[in-house]
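# A look at the structure
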Amino acid sequence: MRSLRTGLSLTSLVAGLALLLTAPAAHAADTPLRDLGTAKGKVIGTAVTGSKLTGAYGDIAGAQFSSLTPGNAMKWGSVEPTQGSFNWTEADQIVAFAQAHNQQVRGHTLVWHSQNPSWLTNGSWTSAQLGTLLQNHISTEVGRYKGKLAAWDVVNEPFNEDGTYRSTLWYNGLGADYIANALTWARAADPAAKLYINDYNVEGVNAKSTALYNLVKSLKERGVPIDGVGLQAHLILGQVPSTLQQNIQRFADLGVDVAITELDIRMTLPSDSAELAQQKADYKAVTAACVAVARCVNLTVWGFTDSDSWVESTFPGQGAATPYDANYAPKPAYYGIAEALGGTSTPPPTGACGASYSVGSQWNTGFTGTVTISCSGASLSSWKVTWTYGAGQRITQAWNAGCTQSGAAVTCVNASYNGTVPDGGSVSFGFNASWSGSNPVPTVTLG
Ligand code: G2I
C-alpha cells in the first residue's frame, strides 16, 4: 500500500504543479499539504464526493490530504432514503478510499435539521418515537463504521445567530437534551471516535460561538461525552474574523479539540488576481490560527476544487472559494495554506500565465494527459504550449487543442473556441499518448 500511495503522490504532485515560464522548476519539489500538516501536528482534510474519486480528482484527494469528510454521503437522507432501507454505497467507497490512502475520515453528520429523508421529516412522531428513531439512526450508522472513523460531527448547526437554540425537528421534539443524548449514543456505538458539535458563524468570538462555548462547558461539567468543536468556516473574502485564534484557544482551554471543518472563502465572480491574492492571505490566516493552537487538530476544506463546491449554486455571482480551480490547478490559496504550514515552495508569481502538465490515468501502453494554462495578473487571447518527450512517448489523440508531434517535440495550440485565458482563469486540454519503459513528466513551455 505504501508504494501505491507513493505512486499516486507523484502523479498528483505533478497535477498540482504549475510549471510557469518565470519559475520553471521551483514547484517540482513542493511538499503535499498532508505532509506539511503532519510536521505541524495537523491533519489536513477535504470534503469529497465519492463518485469523483478517480483521475486527477482522486489523485489530488489522495496525495494532498490526510483526512476526508463525505460532503453528503453520510447524511441521513443519503443513507436511509426509505425507512429501513439503507444505501451505504458512497459512504463505504469513501471510507475504502481513505483506508487505501492512509487517511482519516470525519463522519458528517448524524443529527441535523437539513438533508433528512422525507419519511422522517413528513412523519408525525411522538417525542418517544422520535427519540427512538434518532437513537437507532446513531447506533446503526456509527456502529457500521465503528473503529474506522477518527471523528463524527454528531450534532450539526444547533444554534441560531443570536445563540438561542435553532428550532428544528430535534429541538422541538426532544428539547435541548437531544444534543447530550446524541453524544451519549454515539459514544456507546464507537468509543474510539472523537465526538464533535459543528456549526457555522462560530469562528470568531460572538453570540453564537459563546452559546456553543457555554454548551460545551456544561456538557463537560455533566460528564456528557464531547471531544471537540467544529468551526465550519464558510467565509467571505477579506472577512476572516480577527478573533479566530482567540476563539479557537478558548475552546481548547475548555479541554476539547477544535477542527476547522468546512473551510471555503468565496468571492465575487469573475475572480481576478487581486481577489485571488486576498484569498491566499485569508487561507493563510485561517491556517495560521489553527497552527498557533495545539488543540486545533484538523483543518478541512469543503471541497478542494472549484468544480466541487456548494458555493456557486448557493450564492449567485459568488464562487472560486476553494484552493484549486475547476481544472485542478492550484490557486494562490493553495500556497497560502502551504506557507502557513511551513512550506517553503514559491507560489506561482503574479502577473504571469503558465502551463502545467499532468498524467491522469495510465495503463501498460498508454496514458491520458491534461495540460492547464492559467493566468494570474495577466491574460491571453491565444496560446501555444510545447514540450519535448524524453522517453519516446507519442501523442495519439488530442482534444480542446491542435497538437502535432515531430520526433520528440510536441506543439499544441488553442482550438478556435478556447484561445482566451482571462486574468485569474484557466483553460485545459487533454490528450492520449503511448509510452513504454518509463513516462517521465516533461517540462512544458508556454509561448
Ligand atoms: O451548505 C454547505 C455546508 C454547510 N454545513 C453543513 C454541510 O453539510 C453543508 O454541505 C452542503 C453540501 O456541500 C452540498 O452538496 O450541504 C448542502 C445541502 O445543505 C449540499 O447540497 C446538496 C444540494 O442541496 C442537493 O440538491 C444535492 O442533491 O447536495 C446534494 C448532493 O449533491
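Residue positions are counted from 1 within each chain, in the order its sequence is given. Reporting of local features is limited, given that this is a predicted model, to residues whose pLDDT is at least 70; pairs of side-chain atoms are given and counted only at 80 or more, and all residues count toward the totals for whole chains, interfaces and linings. To get the side-chain values, take all heavy atoms of the structure and skip hydrogens and water.

## Brief notes about the packing of helix α9 (residues 178-189) against helix α10 (residues 207-222)
With axes taken as lines fitted to C-alpha atoms, and helix axes fitted only over the stretch in contact, angles between N-to-C directions fall between 0 and 180 degrees. Put simply, DSSP marks the helices as runs of H or I at least four residues long and the strands as runs of E at least two long, and each gets a number from the N terminus on. Contact geometry of α9 with α10 gives a least axis separation of 11 Å together with a crossing angle of 55°. Our classification of the angle between α9 and α10 gives oblique. Crossing geometry of α9 relative to α10 is assigned as right-handed. On the side of α9, the interface is formed by Ile179, Ala180 and Leu183, while α10 contributes Leu215, Leu219 and Arg222. Under the grouping applied here, Gly and all other residues not named as nonpolar or charged are polar, the nonpolar ones being Ala, Val, Leu, Ile, Met, Phe, Trp, Tyr, Cys and Pro and the charged ones Asp, Glu, Lys and Arg. Looking at the contact of α9 with α10 residue by residue, the classes come out as five nonpolar, no polar and one charged. For classification, angles of less than 35 degrees are called roughly parallel, those exceeding 145 degrees roughly antiparallel, those between 65 and 115 degrees roughly perpendicular, and all remaining angles oblique. The sense of a crossing depends on the near helix, which, turned anticlockwise from the far helix by less than a right angle, makes the crossing left-handed and, turned clockwise, makes it right-handed. Contacts between residues were defined by any pair of non-hydrogen atoms, one from each residue, lying within 4.5 Å.

## So, unusual backbone geometry
With an omega of -5°, the peptide bond running from His108 to Thr109 counts as cis. With respect to the helices, strands and loops of the structure, Thr109 is situated in strand β4 (residues 104-111). Pro270 follows Leu269 through a cis peptide bond whose omega is -5°. Note that Pro270 resides in the loop between β9 (257-268) and α12 (273-291). At Asn102, a residue that is not glycine, the phi angle is positive and equals roughly 55°. Structurally, Asn102 is set in the loop between α5 (89-100) and β4. With a phi angle near 50°, Gln115 is a residue other than glycine that sits in the positive phi range.

## Comments concerning helix α7 (residues 127-144)
For the α-helix, the turn length of 3.6 residues means that residues three or four positions removed from each other point alike. To estimate how far a helix should extend, the number of its residues minus one is multiplied by 1.5 Å. With 18 residues, α7 extends 26 Å between its outermost C-alpha atoms, agreeing within 8% with the 26 Å of an ideal straight helix rising 1.5 Å per residue. For α7, the full list of buried residues reads Leu130, Gly131, Leu133, Leu134, His137, Ile138, Glu141 and Val142. For α7, the angular spread of the buried residues around the axis is 160°, confining them to a single face. Elements that come into contact with the buried residues of α7 comprise α4 (76-79), β4, α6 (118-121), β5 (151-156), α8 (169-174) and α9. Only protein chains enter the accessibility calculation, which uses a 1.4 Å probe; a residue is then buried when its area is under 20% of its type maximum, exposed when over 50%, and partly exposed in between. Note that the arc is defined by the directions from the helix axis to the C-beta atoms.

## Some thoughts on the site of the ligand
Being near a molecule or strand, for a residue, means having at least one of its heavy atoms within 4 Å of it. The immediate surroundings of the ligand are formed by 13 residues, with Asn72, Lys75, His108, Glu262 and Trp302 found nearest. Take Trp302: an N or O atom from its side chain is 2.8 Å from an oxygen atom of the ligand. Only the protein chains shown count as cover for residues, and the accessible areas themselves come from Shrake-Rupley with a 1.4 Å probe. In the complex, the protein chains occlude 55% of the 620 Å² of accessible area that the ligand would expose alone. In terms of residue class, the shell around the ligand is made up of three nonpolar, seven polar and three charged. Counted as a polar contact is a pair of N or O atoms within 3.5 Å, where, for protein atoms, one must be capable of donating a hydrogen and the other of accepting one, and residues adjacent in sequence contribute only when both atoms are in side chains.

## What about the nonpolar core?
Residues Trp152, Ile260 and Leu263 are the most contacted members of the largest nonpolar core, which totals 86 residues. Here this core takes eight residues from α9, the largest share from any one element. Beyond its immediate chain neighbours, meaning those up to four positions away, Trp152 contacts Met74, Gly107, His108, Leu110, Glu141, Val142, Tyr145, Ala193, Lys194, Leu195 and Tyr196. Buried Ala, Val, Leu, Ile, Met, Phe, Trp, Tyr and Cys residues that are joined via side-chain atoms within 4.5 Å together make up what is termed a nonpolar core. Membership of the second largest hydrophobic core comes to 24 residues, among which are Ile373, Trp383, Phe431 and Leu446.

## A word on empty space enclosed by the protein
Lining residues are defined by having an atom within 4 Å of a point belonging to a cavity or pocket. Those points lie on a 1 Å grid over the protein atoms alone, cavities being sets where a 1.4 Å probe fits but cannot get out and pockets being open sets with protein on both sides within 12 Å along at least five of seven lines. Grid points are joined across faces, edges and corners, and a volume is the space filled by probe spheres set on the points. Enumeration over the complete set of coordinates arrives at one cavity of 30 Å³ or more. Considered as a void within the structure, the largest cavity measures approximately 40 Å³ in volume. Every residue lining the largest cavity is listed: Val111, Trp112, His113, Val155, Asn156, Glu157, Pro158, Thr168, Trp170 and Tyr178. Classifying every residue of the lining of the largest cavity gives six nonpolar, three polar and one charged.

## Observations concerning the layout of surface pockets
Put simply, the second largest pocket is a space of about 340 Å³. Taken together, 22 residues line the second largest pocket, and the ones lying closest to its centre are Tyr200, Gln232, His234, Glu262 and Trp310. For the lining of the second largest pocket, the secondary-structure elements that each account for two or more residues are β8 (234-236) and β9. With three residues, β8 is the single largest residue contributor to the lining of the second largest pocket. Of the residues assigned to the lining of the second largest pocket, the class counts are eight nonpolar, nine polar and five charged.

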